[in-house]
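Observations on chain architecture
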Protein chains: 2
Amino acid sequence: MRTDDRVTLVEMGPRDGLQNEAAALTPAVRVELIRRLASTGLTHIEAGAFVSPKWVPQMAASDTVLSSLDHDAGIRYPVLVPNMKGFETARAVGARDVSVFAAASESFSRKNINCSIAESLERFRPVCEAARAEGMRLRGYVSCVMGCPYEGPIQPQAVLTVSRALMELGCEEISLGDTIGTGTPAATRQLLAVLADELPVEQLAAHFHDTYGQALANLLVALEAGVRVIDASVAGLGGCPYAKGASGNVGTEDVLYMLNGMGLETGVDLDGVVDVGAWICEHLGRPPASKAARALAARRVSN
Amino acid sequence: MRTDDRVTLVEMGPRDGLQNEAAALTPAVRVELIRRLASTGLTHIEAGAFVSPKWVPQMAASDTVLSSLDHDAGIRYPVLVPNMKGFETARAVGARDVSVFAAASESFSRKNINCSIAESLERFRPVCEAARAEGMRLRGYVSCVMGCPYEGPIQPQAVLTVSRALMELGCEEISLGDTIGTGTPAATRQLLAVLADELPVEQLAAHFHDTYGQALANLLVALEAGVRVIDASVAGLGGCPYAKGASGNVGTEDVLYMLNGMGLETGVDLDGVVDVGAWICEHLGRPPASKAARALAARRVSN
């Protein structure tokens, strides 16, 4: 099924996006967001996170969200599960795709999930085993693949080590997170050269934040390196928790505009995504962060 | 002097930037902006336009701006001159670099400068002859190199034709303007392949707008094609007149962040440009449009 001119977009808006917005939305609005996103042709939509609502209030009631979705409609709804408790809840409400998340930076791992990288992998082991036993699809996130807010630049070898460990735990896909968006094309090329030498590139996803405006340039390099799975967030939902007022997730519309221009197929309707972005931004009371979304919306008004 | 790892940034803020901002600034503020930009290491700063203040009020009193600058300090201050009248005024106030501007789209030429492309070139002929006779540096802008608000996509051959004509008139550099920012990496690659086949790539500059968020990805392709001159605007000053609320010029900070990360030398201090951008944005009463500028400013606050 995977051909060189086909790219899978993994929509991050309902999870990584909303998780980093100030306003917490109701489960009903989140479900409606997911439904609208699915109607644009997106086939992979991250739907929630089974983490403590004390730490991430925006993801509270992810069980309600998940149980409201049709898991038999051919659309994948991955959810984050940090531990067995989260996994069990996710499974109980119908999740078939679960994701675990580790970091390539020791400092980030300790500050973000309060344990070392090695400890986090041990914590994921039973989750991964249970997910595989259930025949679930398992995704592994690696954060800080090009830079860490505490340690600065991160070496590709550190990313390789944790990516390989996640694959050994059974992750079918590794999502490479440039969590603070400090990566540039040169660093992206270097990272993917190291990874693609050791790991199957078709199992790598690019999860690049646009904090410094570099995401599309970095994605271009990733595409050239053979990556065909891209994480993006409708309307660029989600700011950067490490730089107040700065951007976070790259906008799905910006990515789609580039892919369309390059003749890469996604099956996703750009105009439809612009509509969904405008709708959810009204709920959030903020304009879309995606430049393509703003330009396309402006063009509609003037036409 | 030109080596493969050196890039010349041509700062557009005081002209193409301010020209597309709602607020018209006084000549004194514009001079101060130019001085501050020069202090960051920028060596090419577009300083004004000798066009009718009726059409472009933001560029009124460009003669006052020009005559306030030190033209012997090793910094180039190109100015737009649409005709002999503008040229004579520019010369009288010390301009040593003048630019003419044509379009790759007939419709855009007629709507923007009220004549056909061929007529515009004839109008520029005496300007170019006079500039060369004076030993001035002559730059030619070509707008709509990848798309036109009236005609849609533009063929590379049309860009080649007008670029070659401008070179024959004596332009030492052709600035390729993606005026409405609709270009994507594939179109950029195609355009530069056609141009570099016929014209010296070292005489081409990339002037890409970020309206659809594509500018850095397109610049990466241009760099790979050998282009080493990039037009950019501090803080991303300048919206898009063809899409209200959308972005225009790519931010100097975003470009510089990418170039620094790629090990390409510019001699320009990124932190200094962030400072200048914050300062001018206060005068304009709007936040910087550059993502790198916002992220770097946010990082300072949190440190």
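Notes on the structure follow. These numbers were taken from a predicted model, which means no experiment stands behind them.

With that settled, the discussion passes to the interface of chain B and chain A. Contact with chain B, which involves 35 residues of that partner, is made by 35 residues of chain A. Counting each side, the surface lost to burial between chain B and chain A is near 2800 Å², with a carbon and sulfur contribution of 58%. Looking at the side of chain B facing chain A, the largest losses of area belong to Tyr212(B), Tyr257(B) and Lys291(B), adding up to 26% of the total buried there. Connecting chain B to chain A are four salt bridges. Across the salt bridge formed by Lys291(B) and Asp210(A), the nearest N and O atoms sit 2.7 Å from each other. At the junction of chain B with chain A, the criterion picks out 10 residue pairs in polar contact (both at pLDDT 80 or more). Only helix 8 (185-198), helix 9 (215-224), helix 10 (252-261) and helix 12 (291-302) of chain B provide two or more residues apiece to the side of chain B that touches chain A. If one sorts the elements of the side of chain B that touches chain A by residue count, helix 12 of chain B sits on top with eight residues. Across the side of chain B that touches chain A, the residue classes break down as 18 nonpolar, nine polar and eight charged.

Bringing the sheet that holds strand 10 (residues 204-208) of chain B into the picture now. All names here are of chain B. One open sheet accounts for nine strands, arranged 2-1-11-10-9-6-5-4-3; its pairing is parallel. Because the sheet does not close on itself, it has two edges, and the strands there are strand 2 (44-45) and strand 3 (48-49). Two elements, strand 4 (residues 79-80) and strand 5 (residues 97-103), share two bridges in a ladder whose sense is parallel. Note that in strand 5 the partner of Leu80 across the bridge is Ser99.

What follows concerns the side chain of Glu11(A). Mapped onto the secondary structure, Glu11(A) falls in strand 1 (residues 8-11). With no salt bridge to any partner, buried Glu11(A) finds its closest opposite charge in Arg15(A), at an N-O distance of 10 Å.

Since the α-helix packs 3.6 residues into each turn, any two residues three or four apart lie on the same face. Residues and elements named next belong to chain B. Here helix 11 (residues 270-284) contains 15 residues, and its C-alpha end-to-end distance of 21 Å stays within 8% of the 21 Å for a straight helix at 1.5 Å per residue. Considered for burial, the residues of helix 11 that qualify are Leu270, Gly272, Val273, Val274, Val276, Gly277, Trp279, Ile280, Cys281 and Leu284. Within two residues after helix 11, Gly285 carries a phi angle of roughly 65°, on the positive side.

Attention now goes to the packing of aromatic side chains. Where two aromatic rings form a pair, the distance of their centres and the angle of their planes describe that pair. If you walk through the whole model with that rule in mind, you get 10 aromatic pairs over all chains. Their ring planes at 50° and their centres at 6.3 Å tell us that Phe101(B) and Phe124(B) sit as a pair that is tilted. Residue Phe101(B) is found in strand 5, and its partner Phe124(B) is found in helix 6 (residues 117-133); the two are separated by 23 residues along the sequence. Taken as a pair, Phe101(B) and Phe124(B) share a single burial class, namely buried. Among the aromatic residues, ring-to-ring pairing joins Phe108(A), Tyr150(A) and Tyr242(A) into one connected group. Sitting above the plane of the Tyr141(A) ring, Arg15(A) keeps its charged end 5.6 Å from the centroid.

A separate point is the packing of helix 6 of chain B against helix 7 (residues 156-168) of chain B. Residue and element names in this part refer to chain B. Two elements in contact, helix 6 and helix 7, have axes whose closest approach is 9 Å; the angle formed by their N-to-C orientations is 25°. One element, helix 6, and the other, helix 7, form an angle in the roughly parallel class. In the packing of helix 6 onto helix 7, the handedness of the crossing is right-handed. Touching Ile117, Leu121, Phe124 and Arg132 of helix 6 are Val162, Ala165, Leu166 and Glu168, all from helix 7. Of the residues that constitute the contact of helix 6 with helix 7, the class distribution is six nonpolar, no polar and two charged.

We now examine the pairing of strand 9 (residues 173-178) of chain A. Residue and element names in this part refer to chain A. The element strand 9 is largely enclosed, with a buried count of six among its six residues. The alternating pattern of strand 9 places Glu173, Ser175 and Gly177 and Ile174, Leu176 and Asp178 on opposite faces, both of which are buried. As paired strands, strand 9 and strand 10 (residues 204-208) are joined by five bridges and run parallel to one another. If you follow Ser175 over to strand 10, its bridge partner there is Ala205. The parallel pair strand 9 and strand 10 is bridged by helix 8 (residues 185-198), and the resulting crossover is right-handed.

Attention shifts here to empty space enclosed by the protein. Following the criterion strictly, the structure yields three cavities of 30 Å³ or more and no others. Considered as a void within the structure, the largest cavity measures approximately 130 Å³ in volume. What lines the largest cavity is simply Asp210(A), Gly213(A), Ala215(A), Leu216(A), Val250(A), Asp254(A), Lys291(A), Asp210(B), Gly213(B), Leu216(B), Asp254(B) and Lys291(B). For the lining of the largest cavity, the per-class residue count stands at four nonpolar, two polar and six charged.

Relative to chain A, chain B is turned by 180° and slid 0.0 Å along the rotation axis, the superposed coordinates differing by an RMSD of 0.0 Å. Taken together, these values place the two copies in the relation of a two-fold axis. Within chain B, Ala217(B) has its C-alpha nearest the rotation axis, a separation of 2.0 Å. A share of 100% of interface residues in chain B that are also interface residues in chain A marks the association as one of identical surfaces.

All names here are of chain A. Within the element layout of this structure, Arg139 appears in strand 6 (residues 137-143). For Arg139, a relative accessible area of 5% puts it in the buried group. Once you skip the residues sitting within four places of it in the chain, Arg139 turns out to touch Val10, Met12, Val98, Ser99, Val100, Cys171, Glu173, Ser175, Ala205, Val229 and Asp231.

The rules behind these values
- Residues numbered from 1 in each chain as written.
- Chains lettered and ligands numbered in written order.
- Predicted model: local features only at pLDDT ≥ 70, side-chain atom pairs only at ≥ 80, totals over all residues.
- Heavy atoms only, no water.
- Contact = heavy atoms within 4.5 Å.
- Buried area = accessible area lost by both parts, 1.4 Å probe.
- Salt bridge = Lys/Arg side-chain N within 4 Å of Asp/Glu carboxyl O.
- Polar contact = N/O pair within 3.5 Å; in protein donor to acceptor, adjacent residues only side chain to side chain.
- Helix = DSSP H or I, 4+ residues; strand = E, 2+ residues; numbered from the N terminus.
- Nonpolar A, V, L, I, M, F, W, Y, C, P; charged D, E, K, R; others polar.
- Pairing = 2+ DSSP bridges.
- Buried < 20%, exposed > 50% of the residue type's maximum accessible area, 1.4 Å probe, protein only.
- Lys, Arg positive; Asp, Glu negative; His and termini not counted.
- Expected span 1.5 Å × (residues − 1).
- Phe/Tyr/Trp six-rings, centres within 6.5 Å; stacked < 30°, edge-to-face > 60°.
- Lys NZ or Arg CZ within 6 Å of the ring centre and 35° of its normal.
- Axes fitted to C-alpha atoms, helices over the stretch in contact; angles between N-to-C directions.
- Parallel < 35°, antiparallel > 145°, perpendicular 65-115°, else oblique.
- Left-handed = near helix turned anticlockwise from the far one by under 90°.
- Right-handed = clockwise from strand over helix to strand, strands pointing away.
- 1 Å grid on protein atoms, 1.4 Å probe; cavity = no way out; pocket = protein on both sides within 12 Å on 5 of 7 lines; lining within 4 Å.
- Points joined across faces, edges and corners; volume = space filled by probe spheres on them.
- Least-squares fit on C-alpha atoms with pLDDT ≥ 70 in both.

The analysis is restricted to geometry; functional conclusions fall outside its scope.
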